[in-house]
Amino acid sequence: TRFAKKEGIPVIVDIQDLWPEAFQMALPVPVVSDILFSPMMRQANRIYRRADEIMAVSDTYVARGKSQNPHCRGLSIYIGTDGDLVSAKTQGISVEKDPNEFWIGYVGALGHSYDIKLVIQAVKELEQAGYTNIVFKVMGEGVLRREFEEYASQLGARCDFTGLLEYGLMMKTLMQCDVAVNPIVGKSVASIINKVSDYAAAGVPVVNTQNCAEYRDLLEQYQAGINVENGDVKGFAAAIRRLYDDKSFRESMSAHAKEMYQQKFDRRTSYPKLVPVIERLLKEHE
């Protein structure tokens, strides 16, 4: 970016994740964290200030860049899902599901950013309340998979850890789910992440604990899911119960999720918006 600014070359900064903020999440001691990551923070701020255009995967991240470069233009385009790819990959795949079962789906990493134990606790609470046909389908892999499996076994909660699945099989399984979950821990700085696009493309209502205001607002605006306070097991179980008990409410949210996908997450219409921005910058710097 230094070279580009010196030579009059337009600079686009594309923010996929926030560094060092994402790393600071792992250190619970603020002063130590600030000192350790201050060189990276200064470097990130300098790069943001050199941008002619800031692109990002969310409005939240655009705002982070513009905080250092308020006169810069910004564009957010969510990490999307290609509807044609989903259709091609899921064609001919069938997923067997007992019609008497109610599936809760999770897709993604099994690591420190995701409160999978909260979902397991909620599933067990619901079972004890008489909801004995709920199955938590956990699709993904990660460093905490064994710990999560052992926890589910200790509680006696009905969980199916599938490991990594081929994309078409994963999407087909997700489409069979009645509810999807986005149980991100409270200190996470994530905004609009990959899994929520696949959830929307599959037309599954979401129970969400992520603190990111942007995603919470999206779910409320489109009525495509239920937001729950982070770490609130009883509130999480109550949200699942509401969707379980009211089929028409669940189906309405499913339809709204598909609408949200079409308007916000369909790569076929959202990604081409990048092209005119690049063309405009090139013309301005001729």
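Attention here is on the structure that accompanies the text. (Residues numbered from 1 in each chain as written. Predicted model: local features only at pLDDT ≥ 70, side-chain atom pairs only at ≥ 80, totals over all residues. Heavy atoms only, no water.)

Let's talk about the overall build of the protein chain
Here comes step 1: Helices and strands together make up the secondary structure of the protein chain, namely 14 helices and 9 strands.
Here comes step 2: In terms of overall size, the protein chain behaves like a compact globule, its C-alpha atoms giving a radius of gyration of 21 Å where 286 residues would be expected to give roughly 19 Å.
Here comes step 3: Overall, the C-alpha framework of the protein chain stretches about 65 × 45 × 30 Å when taken along its three principal axes.
Here comes step 4: By the burial criterion, 47% of the 286 residues in the protein chain qualify as buried.
Here comes step 5: Taking contacts inside the protein chain between residues at least 6 apart in sequence as the whole, the part at least 24 apart equals 70%.
Here comes step 6: Counting only carbon and sulfur atoms, one obtains 51% of the accessible surface of the protein chain, whose full area is about 14200 Å².
Here comes step 7: Across the protein chain, the mean location of the 34 positive side-chain charges is 4 Å away from that of the 37 negative side-chain charges. (Helix = DSSP H or I, 4+ residues; strand = E, 2+ residues; numbered from the N terminus. Rg over C-alpha atoms; globule rule 2.2 N^0.38 Å. Buried < 20%, exposed > 50% of the residue type's maximum accessible area, 1.4 Å probe, protein only. Contact = heavy atoms within 4.5 Å. Areas by Shrake-Rupley, 256 points an atom, 1.4 Å probe, with all protein chains shown as cover. Lys, Arg positive; Asp, Glu negative; His and termini not counted. Charge placed at Lys NZ, Arg CZ, Asp CG, Glu CD.)

Examining the state of the cysteines
Here comes step 1: Throughout the structure, instances matching the rule amount to 0 disulfides.
Here comes step 2: Between Cys 177, a cysteine without a disulfide, and Cys 159, which holds the nearest cysteine sulfur, the sulfur-to-sulfur distance is 13 Å. (Disulfide = S-S within 2.5 Å.)

Regarding the side chain of Arg 145
Here comes step 1: Looking at the secondary structure, you find Arg 145 in helix α7 (residues 145-155).
Here comes step 2: The contacts of Arg 145, once residues within four sequence positions are left out, are Leu 110, Phe 161, Thr 162 and Gly 163.

In short, the description is geometric, and any link to function would need to be established separately.
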